Amino acid sequence: MKEEDPSAKNELSRRNFLKTGATAAAAFGGAQAAITTTASPAVASSIDDTSGTLVFVNGRIHTMDAGNSIVSSVTVKDGRFTAVGNGAHAQGPGVRVINLKGRTVVPGIIESHTHFVSLANRPGYHVAQWELASNIAEVLELLAARRRDVPPGQFITAMGAGTPRMFAELRLPTLAEIDSAVPDRPVFLYQGGGGPARTNTLGKQFFESATAPLAGPCVVGADGSLTTVAGVNHANRALYHLRIRQTFEDKKRSALDAQAFSASVGITAVLDQTLVAVATGTLDPASLDPQPTHPLFTLNHYRMYDAWLALHREGRSFIRLQINFLHNQPFIPALGDLDHQLPELRERLKNQFFFFGDDMVRTGAIGEWAAPFATPSSPDNYAVWYESQRLVAKAGWRNENAQAGTPTSSAAIEQVVSTYEAMDREFGIKNLRWGLQHAAFATPDHLARLKALNCGVSMSGFTWLNGVPRADGLPLGPLYPQIIASGIPAGLHEDGVHIAPHNPWFAMHYATTGLNVLGQQINPGQQISRQQALYAYTRANAWYLNRENDLGSIEVGKLADLVVLDRDYFSVSDTDMRRTRPVLTVVDGEIVYDAGVLRGDRA
């Protein structure tokens with residue numbers, strides 16, 4: 001989708017919104033010095049019309065094409081790559097030339113399993129960047145930087161991906177520490193998917209007096225902590241008080257903030273797995289409005305994309321969104337026999353189109369599950385799960401299940417694989433590209449059988465955050481080399497933004513080192529190369545999204561998504577590789593994130 005002409009009220013277009021991302025990135029300093037490189041040969045196409053052309057020259061551009069070509073220049077026009085090669089580029093009026101001075105460039109990063117819609121609905125003026133902090137001082141610096149944009153009385157928030165294990169002190173900031181950074185705005189920090197949380201003095205005053213139709217005030221500790229007291233999760237109650245005060249314009253701002261953060265870490269497209277819906281038998285959207293008990297990963301799943309879609313209609317969305325549909329209805333006795341179970345899934349398959357939309361927003365598959373996974377030991381729930389697979393196969397939809405197995409058991413993966421085989425025998429699914437998410441302990445036999453069904457896997461990369469070494473020395477997974485060696489289409493994901501951060505470089509670091517956030521080896525013998533990890537996050541993930549003809553590599557005719565890096569991902573130390581950040585991100589041929597590093601390199 002091309003950007004529409006901005007109007008006076010549309011002051012936040014794709015281009016001028018990037019300054020938000022640049023401001024946030026500034027908290028972590030400038031880019032590494034440019035790296036001098038030489039480029040291998042590749043074929044460049046000719047350029048006839050140079051109007052509206054963007055040209056990158058003198059770079060080390062890893063195209064991730066079939067030959068893994070590395071070139072020095074690339075030209076973009078009308079949202080697509082029009083020339084990829086060495087030295088050939090447009091000149092003349094309307095041509096913007098950016099001299100990369102040897103910097104490394106990669107295709108736009110594609111996230112194949114995320115719950116990004118949650119980040120796009122965060123209440124308050126959200127600080128997603130806290131997941132990049134390594135200690136409390138950096139968290140406080142980010143909160144203070146955000147304060148400059150926040151009107152008096154409005155909350156600064158940071159939720160989800162930031163957890164104590166990521167910070168050197170192994171805890172969240174205290175009330176006094178938050179006050180020292182932001183004394184004049186209320187602040188709310190919410191850990192993981194279900195709390196606990198921490199606030200400052202102004203936040204404490206608000207939460208201790210807040211009332212609403214469904215909940216009264218919160219209990220806040222002297223240190224600003226909101227925990228579970230007498231069976232009440234006060235972190236969730238506080239979240240409820242903030243959610244019900246959000247306006248639609250607040251949600252649109254949140255969606256823009258989320259997209260800006262995504263661009264700032266190099267992610268240009270997301271396959272969103274929505275959120276875990278409340279498991280009721282009703283189809284009434286009003287029954288799913290925020291409740292005082294709802295954790296961060298629960299939202300009204302009929303309405304959660306409204307703000308993003310509004311921005312898209314206004315020409316203001318700038319990250320590619322593909323939407324899967326997660327269905328969370330198990331066996332519900334009140335609904336009766338099996339023919340009356342799964343009402344939401346049945347209606348979805350009747351009334352929704354899959355892979356419908358445009359280049360910026362489109363629908364996807366059923367996933368990450370069609371019904372909660374259940375084994376035959378729970379006969380009613382198993383029958384519902386199995387029937388959900390049949391309904392999806394019969395309707396001709398793409399389908400996903402998320403199962404990882406354990407270091408000592410792959411029984412759950414076997415259940416998924418054998419069910420897929422049964423669906424193929426009954427309906428034929430080979431042309432639908434069904435998927436297995438996580439797949440950590442899929443055996444060679446599982447992988448071969450999935451490959452025969454034309455299925456793909458998306459390997460998880462989030463174990464680095466909470467994983468600890470096993471006493472028996474077994475790897476925590478995924479078994480990356482085994483999966484890659486099988487030849488099955490294999491993408492990589494982080495599964496943000498509740499149980500893990502959104503930043504893809506953390507997942508790539510784990511896949512290539514096996515180290516957890518504390519530097520401990522938790523996945524011994526299961527490392528892959530940096531090239532393989534990046535391939536999984538680009539070209540392989542494009543296949544997983546059914547978009548390999550448009551995304552995943554820098555090739556003539558493909559959509560123009562690329563990332564200019566602050567260091568050479570392929571050669572720096574493991575420690576430095578984990579800190580990789582973009583200095584420039586391009587989506588659909590437009591610069592959507594600019595750290596300011598390359599401004600002096602433009603002609």
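Nothing here was measured: the structure is a model prediction, and the numbers come from that model.

**Examining the environment of Leu-309**
- Assignment of secondary structure puts Leu-309 in helix α8 (residues 306-313).
- The exposure class assigned to Leu-309 is partly exposed, which follows from its relative accessible area of 29%.
- When the C-alpha atoms of Leu-309 and Lys-252 are compared, they prove to be 9.3 Å apart, with 57 residues separating the residues in sequence.

**Digging into the confidence of the model for the protein**
- When pLDDT is averaged across the protein, the result is 91; 90% of the residues are at 70 or more.
- When the criterion is pLDDT under 50, residues 1-49 qualifies, and its contacts beyond four places in sequence or with other chains add up to 108 contacts.

**Observations regarding the sheet that holds strand β16 (residues 267-272)**
- Judged by pairing direction, the sheet is parallel, and its 4 strands sit side by side in the order β8-β16-β17-β18 without closing on themselves. Of all strands in the sheet, those bounded by a partner on one side alone are β8 (109-114) and β18 (361-366). Within the sheet, the average angular offset between the axes of one strand and its neighbour, ignoring direction, is 20°.
- Pairing geometry for strand β17 (residues 320-325) and β18, over 4 bridges, is parallel.

**Here we look at the sheet that holds strand β22 (residues 490-493)**
- With respect to topology, 4 strands assemble into an open sheet ordered β19-β20-β21-β22, the strand pairing being parallel. Only two strands of the sheet have a single partner each, and these edge strands are β19 (400-403) and β22. The sheet shows a mean angle of 20° between the axes of neighbouring strands, taken without regard to direction.
- Where strand β20 (residues 435-438) lies against strand β21 (residues 456-460), 4 bridges are found, and the strand directions are parallel. Bridge pairing in β21 links Gly-435 to Gly-456.
- Helix α11 (residues 411-426) contacts β19 and β20 of the sheet and is inclined by roughly 165° relative to β19.

**Quick look at the pattern of salt bridges**
- All chains considered together, the criterion is met by 31 salt bridges.
- With a closest N to O distance of 2.7 Å, Arg-470 and Asp-472 form a salt bridge.
- Among the residues examined, Asp-472 registers a relative accessible area of 44% and is labelled partly exposed.
- One network of salt bridges, in which partners are shared, links Glu-249, Lys-252, Glu-314 and Arg-316.

**Focus on the side chain of Asp-272**
- Its location among the elements puts Asp-272 in strand β16.
- An unpaired buried charge is present at Asp-272: no salt bridge exists, and Arg-122, the closest side chain of opposite charge, is 9.7 Å distant.
- Only 2.4 Å separates the side chain of Asp-272 from the backbone nitrogen of Phe-116, close enough to count as a polar contact.
- Sequence-distant contacts of Asp-272, defined by excluding residues within four places in its chain, comprise Thr-114, His-115, Phe-116, Val-117, Tyr-305, Leu-321, Gln-322, Ile-323 and Asn-324.

**Concerning the packing of helix α9 (residues 343-351) against helix α10 (residues 379-395)**
- Here α9 crosses α10 at 5°, and the two axes come no closer than 10 Å. One element, α9, and the other, α10, form an angle in the roughly parallel class. Contacts between α9 and α10 involve Leu-345, Arg-346 and Leu-349 from the first element and Glu-387, Ser-388, Leu-391, Val-392 and Ala-395 from the second.

**Examining the pairing of β8**
- For β8, a buried count of 6 out of 6 residues is recorded, marking the element as mostly surrounded by other parts of the structure.
- Looking at chain direction, β8 and β16 are connected through 4 bridges and run parallel. Within β16, the position partnered with Ile-109 by the bridge is Ile-267.

**Topic: the nonpolar core**
- Among the nonpolar cores identified, the biggest contains 110 residues, and Leu-143, Trp-434, Val-457, Leu-492 and Met-508 are the most heavily contacted of them.
- Once you skip the residues sitting within four places of it in the chain, Val-457 turns out to touch Leu-436, Ala-439, Leu-447, Leu-450, Ile-483, Ile-488, Pro-489, Ala-490, Gly-491 and Tyr-544.
- Formed by 20 residues, the second largest nonpolar core is a distinct cluster that contains Val-71, Val-74, Ala-560 and Leu-562.

**Describing the environment of Gln-403**
- Following the sequence through the fold, Gln-403 ends up in strand β19.
- For Gln-403, a relative accessible area of 16% translates into the label buried.
- Once residues within four sequence positions are removed from consideration, Gln-403 is found in contact with Phe-373, Ala-412, Ile-413, Val-416, Leu-436, Gln-437, His-438, Ala-439 and Ala-440.

**Focus on unusual backbone geometry**
- The residue after Gly-195, namely Pro-196, is reached through a cis peptide bond having omega 5°.
- Relative to the assigned elements, Pro-196 resides in the loop between β11 (187-191) and β12 (197-199).
- Cis geometry marks the peptide bond from Gly-477 to Pro-478, where omega comes out at -5°.
- Tracing the sequence through the fold places Pro-478 in the loop between α13 (463-466) and α14 (480-485).
- Non-glycine residue Phe-355 carries a positive phi angle of around 50°.
- Position of Phe-355 among the secondary structure elements: in the loop between α9 and β18.
- Look at Phe-355 and you get partly exposed, because its relative accessible area is 26%.
- A positive phi angle, near 60°, is found at Asp-495, a position not held by glycine.

**Side note on the environment of Leu-474**
- When you line up the elements, Leu-474 lands in the loop between α13 and α14.
- In this structure the C-alpha to C-alpha distance between Leu-474 and Gly-525, which are 51 residues apart in sequence, comes to 9.5 Å.
- Excluding residues within four positions of it along the chain, Leu-474 makes contact with Pro-407, Thr-408 and Ile-522.

Thresholds applied
- Residues numbered from 1 in each chain as written.
- Predicted model: local features only at pLDDT ≥ 70, side-chain atom pairs only at ≥ 80, totals over all residues.
- Heavy atoms only, no water.
- Helix = DSSP H or I, 4+ residues; strand = E, 2+ residues; numbered from the N terminus.
- Buried < 20%, exposed > 50% of the residue type's maximum accessible area, 1.4 Å probe, protein only.
- pLDDT = per-residue confidence, 0-100.
- Contact = heavy atoms within 4.5 Å.
- Pairing = 2+ DSSP bridges.
- Axes fitted to C-alpha atoms, helices over the stretch in contact; angles between N-to-C directions.
- Salt bridge = Lys/Arg side-chain N within 4 Å of Asp/Glu carboxyl O.
- Lys, Arg positive; Asp, Glu negative; His and termini not counted.
- Polar contact = N/O pair within 3.5 Å; in protein donor to acceptor, adjacent residues only side chain to side chain.
- Parallel < 35°, antiparallel > 145°, perpendicular 65-115°, else oblique.
- Core = buried A, V, L, I, M, F, W, Y, C linked by side-chain atoms within 4.5 Å.

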